[in-house]
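Examination of the molecular architecture
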Amino acid sequence: MKEKDCNKKSTYGLGHVRQRKDGSLEGIIYDKRIGRTVSVSAKTQTELNKRMKEKRKEILTQEFGVVTNMNVEDYFLYWLQTFMATSIKRTTYDKHEQMIRNHVIPRIGYLKMKEVTPKDLQKMFNDISKIRAYSTIKKIMEVVRPCFKHATVTGDIIKNPMLGVRMPSKDSVAIPTKQIEIYSDEDLKLMEDSYITLYNEKHLYRLSPMYLFLAHTGLRRGELLALKWKDIDFKSKTLKIKASLTRYRKRDENMEYIGGYETKMMNPKTRTSVRIVYLNAKAISYLQEMKRRNDELKIKSEYVVCSKEGKFLQTRSFDQELDRWCKRIGVEFKGLHALRHSFATRAIIAGVPVKVVSELLGHADIKITLNTYTHVLEAQKHQAVELLEAL
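These numbers come from a predicted model, not from an experiment.

With that settled, consider the pattern of salt bridges. Taken as a whole and judged by the stated rule, the model has 24 salt bridges. Residue Arg-18 is joined to Glu-26 by a salt bridge in which the shortest nitrogen-to-oxygen separation is 2.8 Å. Take Glu-26: its relative accessible area is 8%, and that puts it in the buried class. The shortest N-O distance in the salt bridge between Asp-193 and Lys-189 comes to 2.9 Å. Here Lys-189 and Asp-193 lie together in helix α6 (residues 185–194), a separation of four residues that amounts to about one turn. Owing to a relative accessible area of 45%, Asp-193 belongs among the partly exposed residues under this scheme.

Bridge analysis of strand β7 (residues 244–251) against strand β8 (residues 257–266) gives seven bridges, and the strand direction is antiparallel. Note that in β8 the partner of Leu-245 across the bridge is Met-265. Hairpin connection between β7 and β8: a loop of five residues separates the two successive antiparallel strands, and Met-255 in this loop has a positive phi of roughly 65°.

With that settled, the discussion passes to the packing of helix α2 (residues 72–84) against helix α5 (residues 134–153). Contact geometry of α2 with α5 gives a least axis separation of 11 Å together with a crossing angle of 85°. For the element pair α2 / α5, the angle class is roughly perpendicular. Residue-level contacts link Tyr-75, Phe-76, Trp-79 and Phe-83 of α2 to Val-143, Val-144, Pro-146, Cys-147, Phe-148, His-150 and Ala-151 of α5. Class assignment for the residues of the contact of α2 with α5 results in 10 nonpolar, one polar and no charged.

Using the criterion set out here, one finds eight aromatic pairs in the structure. Ring centres of Tyr-195 and Tyr-286 lie 5.6 Å apart, and the angle between their planes is 80°; on these two criteria the pair is classed as edge-to-face. With Tyr-195 in the loop between α6 and α7 (197–202) and Tyr-286 in helix α10 (residues 281–296), this pair connects stretches of sequence that are 91 residues apart. Accessibility expressed as a relative area gives 7% for Tyr-195, which makes it buried. Of the residues examined, Tyr-286 reaches a relative accessible area of 0% and is grouped as buried. An aromatic cluster of at least three residues, connected via ring pairs, comprises Tyr-75, Tyr-78 and Phe-83. Geometry around Tyr-257 places Arg-249 over its ring, the cationic atom sitting 4.0 Å from the centre.

Turning to its location among the elements, Tyr-278 is positioned in strand β9 (residues 276–278). For the pair Tyr-278 and Thr-238, spaced 40 residues apart in the sequence, the C-alpha separation amounts to 4.5 Å. In contact with Tyr-278, not counting residues within four places along its chain, are Lys-237 and Thr-238.

Within the fold, Thr-263 resides in strand β8. Linking Thr-263 and Gln-314, residues 51 residues apart in sequence, is a C-alpha distance of 7.4 Å. In this structure, Thr-263 is in contact with Leu-245, Thr-246, Arg-247, Phe-312 and Gln-314, ignoring residues within four places of it in sequence. Side chain to side chain, Thr-263 and Gln-314 meet in a polar contact 2.7 Å long.

Time to look at the nonpolar core. Core analysis: the biggest nonpolar cluster contains 41 residues, and Met-191, Met-210, Phe-213, Phe-318 and Trp-325 have the highest contact counts within it. Contributions of two or more residues to this core are made by α6, α8 (208–217), α9 (221–225), α10, α11 (315–329) and α12 (337–349). If one sorts the elements of this core by residue count, α8 sits on top with six residues. Excluding residues that lie within four positions of it along the chain, Met-210 makes contacts with Leu-224, Tyr-286, Leu-287, Met-290, Val-304, Val-305 and Phe-318. Counting residues in hydrophobic clusters, the runner-up holds 36 residues, among them Ile-88, Tyr-93, Val-143 and Ala-151.

Take the packing of helix α3 (residues 90–108) against α5 next. Where α3 contacts α5, the two axes come as close as 9 Å, and the packing angle between them is 105°. Classified by the angle between their axes, α3 and α5 sit roughly perpendicular to one another. Between α3, through His-96, Met-99, Ile-100, His-103 and Val-104, and α5, the contact on the second element is made entirely by Thr-136, Lys-139, Ile-140, Val-143 and Val-144. A class-by-class count of the residues in the contact of α3 with α5 yields six nonpolar, three polar and one charged.

Another aspect to go through is the sheet that holds β9. Strand order in the open sheet made by the three strands is β5-β6-β9, with antiparallel pairing throughout. The open sheet has two edge strands with one neighbour each: β5 (232–233) and β9. Pairing of β5 with strand β6 (residues 238–240), which is carried by two bridges, proceeds in the antiparallel orientation. Bridge pairing in β6 places Ile-232 opposite Leu-239.

The next thing to look at is α10. The terminal C-alpha atoms of α10 lie 22 Å apart, and with 16 residues this matches the ideal 22 Å at 1.5 Å per residue to within 8%. Capping the start of α10, Asn-280 holds a side-chain oxygen 3.2 Å from the backbone nitrogen of Lys-282, two or three residues further along. A positive backbone phi angle near 55° is found at Lys-298, which sits one or two residues after α10.

To continue, consider helix α13 (residues 354–361). Three or more residues of α13 are buried, namely Val-354, Val-357, Ser-358 and Leu-361. Buried residues of α13, seen end-on, are gathered within an arc of 100° and therefore sit on one face of the element. Looking one or two residues past α13, Gly-362 carries a phi angle of roughly 80°, positive in sign.

Inspection of the secondary structure puts Ser-194 in helix α6. Among the polar contacts listed, one links the side chain of Ser-194 to the side chain of Trp-325, at a separation of 3.3 Å.

Reading guide: rules and limits
Residues numbered from 1 in each chain as written. Predicted model: local features only at pLDDT ≥ 70, side-chain atom pairs only at ≥ 80, totals over all residues. Heavy atoms only, no water. Salt bridge = Lys/Arg side-chain N within 4 Å of Asp/Glu carboxyl O. Buried < 20%, exposed > 50% of the residue type's maximum accessible area, 1.4 Å probe, protein only. Helix = DSSP H or I, 4+ residues; strand = E, 2+ residues; numbered from the N terminus. Pairing = 2+ DSSP bridges. Axes fitted to C-alpha atoms, helices over the stretch in contact; angles between N-to-C directions. Parallel < 35°, antiparallel > 145°, perpendicular 65-115°, else oblique. Contact = heavy atoms within 4.5 Å. Nonpolar A, V, L, I, M, F, W, Y, C, P; charged D, E, K, R; others polar. Phe/Tyr/Trp six-rings, centres within 6.5 Å; stacked < 30°, edge-to-face > 60°. Lys NZ or Arg CZ within 6 Å of the ring centre and 35° of its normal. Polar contact = N/O pair within 3.5 Å; in protein donor to acceptor, adjacent residues only side chain to side chain. Core = buried A, V, L, I, M, F, W, Y, C linked by side-chain atoms within 4.5 Å. Expected span 1.5 Å × (residues − 1). Arc of directions from axis to C-beta.

Structure follows, in structure tokens:
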């Protein structure tokens, strides 16, 4: 007698039952989580169902371990400290922990991981969408999704509840994502007009040339604070980004926060962040002015931006001096990063191709540039249509 496929789904496990030549029954189980089929045999259907159930349990136990009884709070922090600490940057780690402690734990932290349902998670994201911006929800999703995926792959839970969860749409979010802010041409002119006189007359704002330098190069704050004089080639009018000054939370060997912050030179944000930056005449003049001031005050340092003692400057100190300078000259302080946005916006308006702007900024993907400066590109479209109408 030939083997006969009964074409019947088994009661336990994903698979089918077929009859062997000797008349016994064989249950074939395929589990997509482990990527292979397994089989068991028995003389009766009842016995086969029992063995398939046992085999299923054996696979989960031997391959992955016992389903966890940990709650969401303990599991998420365990996952972050054990599996993510060595695979993401320290600044990213801080952001992930913030998302977990501020948004996930207060809402579902008490639930057992194995009991979390898509409904629980969907409710959490829907509730957050009523009080937070779309960008925040996206960041929370970027933490929750990989954690539940990890729990499923390792067998700590049977099913991934995130598979049934939908990201709230931008239109359904109560708080719109904040538009980028830039310093206007008038703001930059006030800076340009004051940065020499305020220093020469009253020795105020020693670092002021470097803020204008950011507006003409688009460097990130950390990239500028890590920049050394040896990285600049005045003849070719270029500089090379090799590192970034990063500030993150102090932690012990178990990645527990112990209070305070530490600052360290690290690799740039992404692979494309390591780049050559071309300098225009004004950018060169700001560097020369910065060097003149340091020489005048007998400040010796390998860093372009440094403290009066010649050491690298803390990120907060650099932000604070810009704030004080803006207040002094009547410019609204919009943060240091707005200088980078100002550079990109002016470049796009001037007609520089978006791909080139993306490379100048060191973005990992041109999509980041397109998404960040959508409003500028939309304005260009209107201008283009008006130009066509005039033909």
